[in-house]
Amino acid sequence: TEQKEREMLLRETTNQAQSERDGKELVTELLLASSSRHAVAETACQFLIETYEYEAAWVIWVEPEVEPIVASARGDVDQLETDVAEPLAVRVIESGESETVESDENGEFAGVLRDRQVASVEATPITYERLITGVLCVVSTDAPLETTAQITRQIATTLGFKRSVDDQRIALFADIVEEVTIRIDTDHFLGTVTADRAIPVQVVETYH
């Protein structure tokens, strides 16, 4: 019995280490990918359900007109997108903090989770330089390992970086840039942002 327990523990440890390596390899691939943020998000969602056995994964961008990226392992969890993932994403965008809802709670989403026989939905903000550009939501049938949760958070950060790069690329090739979002720390001061000094600059919003 002791030998079997040791063998089982060794297998679990090996599988966990392999899972962590797979996750880190994907993060590296996503960082180096030249694809658009939508293609990168689609790859990430597919990876999460295939490698970490989530039932579904969504990337919900802050722009309401942009369709969410979806990957699901089974069809009956699709309802969770509108019933749980989207309202949860709105709350996460407003608070800036990750949020998890569970089926054994008494909250507003618990009944829907029990109907779909899932344990929880976790929503992680997609951020880069403290700017939130979306939310990564994943559905679990049981409590995920800490390694899995860690990789999921890293993937969310990677998606935030890719979104930032995407926005910069669009701005560089556009004839007119209508909006620029930047973060400046306390060691720097921004006076003017313009490609042509003849163009008048209007500050429409300041923060801090």
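The preceding data block contains the structure.
Since this is a predicted model, take the numbers as computed values, not measurements. (Residues numbered from 1 in each chain as written. Predicted model: local features only at pLDDT ≥ 70, side-chain atom pairs only at ≥ 80, totals over all residues. Heavy atoms only, no water.)

Student: Can you walk me through unusual backbone geometry in this structure?
Tutor: For residues that are not glycine, phi is negative in most cases, and the peptide bond is trans in most cases. Unlike most non-glycine residues, Gln-117 shows phi in positive territory, near 55°. Here Gln-117 shows up in the loop between α4 (110-115) and β4 (120-128). In this structure Gln-117 comes out as exposed when scored by relative accessible area, which is 66%. (Helix = DSSP H or I, 4+ residues; strand = E, 2+ residues; numbered from the N terminus. Buried < 20%, exposed > 50% of the residue type's maximum accessible area, 1.4 Å probe, protein only.)

Student: Would you mind going over the nonpolar core with me for this structure?
Tutor: Across soluble globular proteins, you tend to see nonpolar side chains buried next to one another. Leu-48, Val-59, Ile-126, Leu-136, Ile-155 and Leu-159 are the most contacted members of the largest nonpolar core, which totals 21 residues. For this core, the secondary structure elements donating two or more residues are α2 (37-51), β1 (56-61), β2 (69-72), β5 (131-140) and α5 (146-173). Per-element accounting of this core gives the leading share, 7 residues, to α2. In contact with Leu-136, other than residues within four places in its own chain, are Leu-48, Trp-58, Val-59, Glu-122, Ala-123, Thr-124, Ile-126, Thr-152, Ile-155 and Ala-156. Core analysis: the second largest hydrophobic core is formed by 19 residues, Val-92, Leu-113, Val-135 and Val-139 among them. (Core = buried A, V, L, I, M, F, W, Y, C linked by side-chain atoms within 4.5 Å. Contact = heavy atoms within 4.5 Å.)

Student: Would you explain the pairing of β4 in this entry?
Tutor: Two faces make up the sheet, and in a regular strand the side chains alternate between them. For β4, a buried count of 7 out of 9 residues is recorded, marking the element as mostly surrounded by other parts of the structure. Where strand β3 (residues 99-102) meets β4, 4 bridges bridge the pair, whose relative direction is antiparallel. Counterpart to Glu-99 in the pairing with β4 is Ala-123. Hairpin connection, β4 to β5: the antiparallel pair is bridged by 2 residues, and Glu-129 has positive phi, about 55°. (Pairing = 2+ DSSP bridges.)

Student: Would you mind showing me how to read the sheet that holds β4 here?
Tutor: Each strand in a sheet pairs with another by means of backbone hydrogen bonds, the pair being arranged parallel or else antiparallel. Read from one edge to the other, the open sheet built from 5 strands follows the order β2-β1-β5-β4-β3, with strand pairing classed as antiparallel. Of all the strands in the sheet, just β2 and β3 have a single pairing partner and so form its edges. Averaged over all pairs of adjacent strands, the angle between their axes in this sheet comes to 15°, without regard to strand direction. Along the sheet face, α2 touches β1, β2 and β5 and points at about 155° away from the line of β1. Taken strand by strand, helix α3 (residues 79-95) contacts β1, β2, β3, β4 and β5, and its axis lies near 140° from that of β5. (Axes fitted to C-alpha atoms, helices over the stretch in contact; angles between N-to-C directions.)

Student: What am I meant to see in the packing of aromatic side chains here?
Tutor: Describing an aromatic ring pair means giving the distance of the ring centres and the angle of the ring planes. With the rule as written, the count across this model stands at 2 aromatic pairs. The interplanar angle of 80° and the centroid separation of 5.6 Å between the aromatic rings of Phe-47 and Tyr-52 together place this pair among those described as edge-to-face. Tyr-52 carries the same exposure label as Phe-47, and that label is buried. For the pair Tyr-128 and Phe-161, a centre-to-centre distance of 5.3 Å together with 75° between the ring planes defines the contact as edge-to-face. Of the two residues, Tyr-128 sits in strand β4 while Phe-161 sits in helix α5, which places them 33 residues apart along the sequence. With a relative accessible area of 30%, Tyr-128 lands in the partly exposed category. Lying across the ring of Trp-61, Arg-37 places its NZ or CZ 4.7 Å from the centre. (Phe/Tyr/Trp six-rings, centres within 6.5 Å; stacked < 30°, edge-to-face > 60°. Lys NZ or Arg CZ within 6 Å of the ring centre and 35° of its normal.)

Student: In this structure, what is going on with the pairing of β1? I would like to understand it.
Tutor: Buried residues dominate β1, accounting for 6 of its 6 residues. On β1, burial covers both faces: Ala-56, Trp-58 and Ile-60 on one face and Ala-57, Val-59 and Trp-61 on the other are all buried. Pairing geometry for β1 and β2, over 4 bridges, is antiparallel. Along β2, the bridge assignment pairs Trp-58 with Val-70.

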